[in-house]
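Structure at a glance
In case you want the letters, here they are:
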Amino acid sequence: MSHRDFEAQLDAYLDGELAALDTRELETHLAQCPACAQFRDGRLALRAAIKARVPTFQAPDALRGRVQAALRSASPARDPGRIGAPAVWRALALAASLAVVALGSWQLALRRATGETLADDVLTSHIRSLMPGHLTDVPSSDQHTVKPWFNGKLDFSPPVYDFAGRGYPLIGGRLDYVGGRSVAALVYGRRQHLINVLLWPAARGPTAASETQTRQGYHLLSWATPEYVYWAVSDLGLAELRDFAHLLQQADSAAGRSGALKTAPAGPPPSS
Amino acid sequence: MESNELERFEAIVLPHLDAAYTLARYLTRNDHDAEDVVQDAYLRALKYVGGFRGEEGGSARAWLLAIVRNTAYTWRRRHRTDALGTPFDEELHSDAIADEHPEASLLNGAVAESLGRALDRLPPEFREVVVLRELQGLSYNEISDVAGVPVGTVMSRLSRARRRLQDALCADEEH
């Protein structure tokens, strides 16, 4: 790899945009190479300097007024003869409903269900984990290393699997805090993507079917087994994330009890 | 159209007015021009809201910023050809040339630049990735949508832009 390529990789890494496997390689390299570590420190200093010295601008109030006035005078309401407006506004209705997902300020107002707050926590945990150095507390592809690491850190022993044979290698684990409690976070990889699996003991019984949400470009799946509440979050395509969740569910039911430490059933990697 | 539909449109786009203004401000480098670009962009957004696709990661903010960006570039062509700064030229701004003449691209006139000035001096295609990433926190995917270039190009432009800013920063601190 040329030095230029390496710089771009390191930048992507610091932006939390580098693929899982490349991230591990880069972190290993950074730990051993003072020159590259120095380069990283320079970039971090630059980021701090930009934050401190390059301003964002607040739109002047006059501009806000101008824009609103322009929108009002240009809006089709003033032009009843205009054709095609209904289609536009149907699209707008869709846009409005999607904007609920997109706009942070709306999320606050619309957080009625606990589920939404939880989903926010899960998404925040995922995004935070993508920042440099936040991905894993115990980086290991060995489930027999990751699972015992949680001993004494949580009041449960999370099931840890390795789906490397199915194309979802285990990358590591960490502690996280979601929904007001400490939870286990397990990180799996899929090509260029990372999947965070967050889990904690289920409060009580019934198995819940899988639910899907999309927020800020990330997919979130949640389901519950008799023992655990699960959330999986990733920028991976929804079909593959579902496929991965299915593998986890199969492995869980095959294990048949909480805290199982089993290798996933062998089989061909899912088509991608 | 019902007036509450206009209100819904405004509820989607007005929360991003500061972000729109900041991008326009850095692309035009001028308060008045930035205001014109933003107003024009909002009118375009109203016109094209039917093309807004929110699913699969598209956010209202990235959609709006793409319109602001395109409006600024159109505006440059229409009003002043050099208004956004040095016209982008892959040859001129390629790494090879910059490496051969680092002093020309970094310390023109042997005067150390402040970070803000260094940013203003970047070609707009480099300036915008820095603004979108560092000031507005967009993901590479979103920047790719806004700027209409592949993610790989976002990654290399961002890295090259940062290298120049970092050199300017070092020069700045030596003085």
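Residues numbered from 1 in each chain as written. Chains lettered and ligands numbered in written order. Predicted model: local features only at pLDDT ≥ 70, side-chain atom pairs only at ≥ 80, totals over all residues.

1. Focus: the overall build of chain A
A count of helices and strands for chain A gives nine helices and seven strands. Burial statistics for chain A: of 272 residues in total, 33% are counted as buried. Residue pairs in contact within chain A that sit at least 24 positions apart in sequence constitute 55% of those at least 6 positions apart. (Helix = DSSP H or I, 4+ residues; strand = E, 2+ residues; numbered from the N terminus. Buried ≥ 20, exposed ≤ 12 C-beta atoms within 10 Å, placed from the backbone. Contact = placed C-beta atoms within 7 Å.)

2. Focus: unusual backbone geometry
Keep in mind that most residues, glycine aside, have a negative phi and that most peptide bonds are trans. Residue and element names in this part refer to chain B. The phi torsion at Arg29 lies on the positive side, around 60 degrees, for a residue other than glycine. With respect to the helices and strands, Arg29 occurs in the loop between helix H2 (17–28) and helix H3 (31–48). Arg29 gets classed as partly exposed once you count the C-beta atoms within 10 Å, which come to 17.

3. A closer look at the packing of helix H4 (residues 60–78) of chain B against helix H9 (residues 140–147) of chain B
Residue and element names in this part refer to chain B. Interaxial distance between H4 and H9 falls to 8 Å at its minimum, and their mutual angle equals 35 degrees. Note that H4 runs across H9; the crossing there is right-handed. For the pair formed by H4 and H9, the contact residues are Ala62, Leu65, Ala66 and Arg69 on the first element and Glu142, Asp145, Val146 and Ala147 on the second. Considered class by class, the residues forming the contact of H4 with H9 number five nonpolar, no polar and three charged. (Axes fitted to C-alpha atoms, helices over the stretch in contact; angles between N-to-C directions. Left-handed = near helix turned anticlockwise from the far one by under 90°. Nonpolar A, V, L, I, M, F, W, Y, C, P; charged D, E, K, R; others polar.)

4. Some details on the packing of H2(B) against H3(B)
All names here are of chain B. Interaxial distance between H2 and H3 falls to 8 Å at its minimum, and their mutual angle equals 130 degrees. Classified by the angle between their axes, H2 and H3 sit oblique to one another. The two elements H2 and H3 meet at a crossing, and its hand is right-handed. Of the residues in H3, those touching H2 at Ala20, Tyr21, Ala24, Arg25 and Thr28 are Asp31, Asp33, Ala34, Val37, Val38 and Ala41. In terms of residue class, the contact of H2 with H3 is made up of seven nonpolar, one polar and three charged. (Parallel < 35°, antiparallel > 145°, perpendicular 65-115°, else oblique.)

5. Notes on the confidence of the model for chain B
Overall, the predicted model of chain B reaches an average pLDDT of 78, with 71% of residues at or above 70. Here the prediction assigns the complex a pTM of 0.52, and the interface score ipTM is 0.77. (pLDDT = per-residue confidence, 0-100.)

6. Here we look at the environment of B:Arg61
Residue position: B:Arg61 is located in helix H4. As a C-alpha pair, B:Arg61 and B:Ile12 span 49 residues in sequence and 8.6 Å in three-dimensional space.

7. Observations concerning the nonpolar core
The biggest cluster of nonpolar side chains holds 60 residues, and the ones touching the most others in it are B:Ala20, B:Ala24, B:Val38, B:Leu65 and B:Val68. The leading source of residues in this core is H4(B), at ten residues. Not counting chain neighbours up to four residues away, the residues in contact with B:Val38 comprise A:Leu63, A:Val67, B:Ala20, B:Tyr21, B:Ala24 and B:Val68. Counting 41 residues, the second largest nonpolar core, distinct from the first, contains A:Ala119, A:Tyr161, A:Leu199 and A:Trp200. (Core = buried A, V, L, I, M, F, W, Y, C linked by C-beta atoms within 7 Å.)

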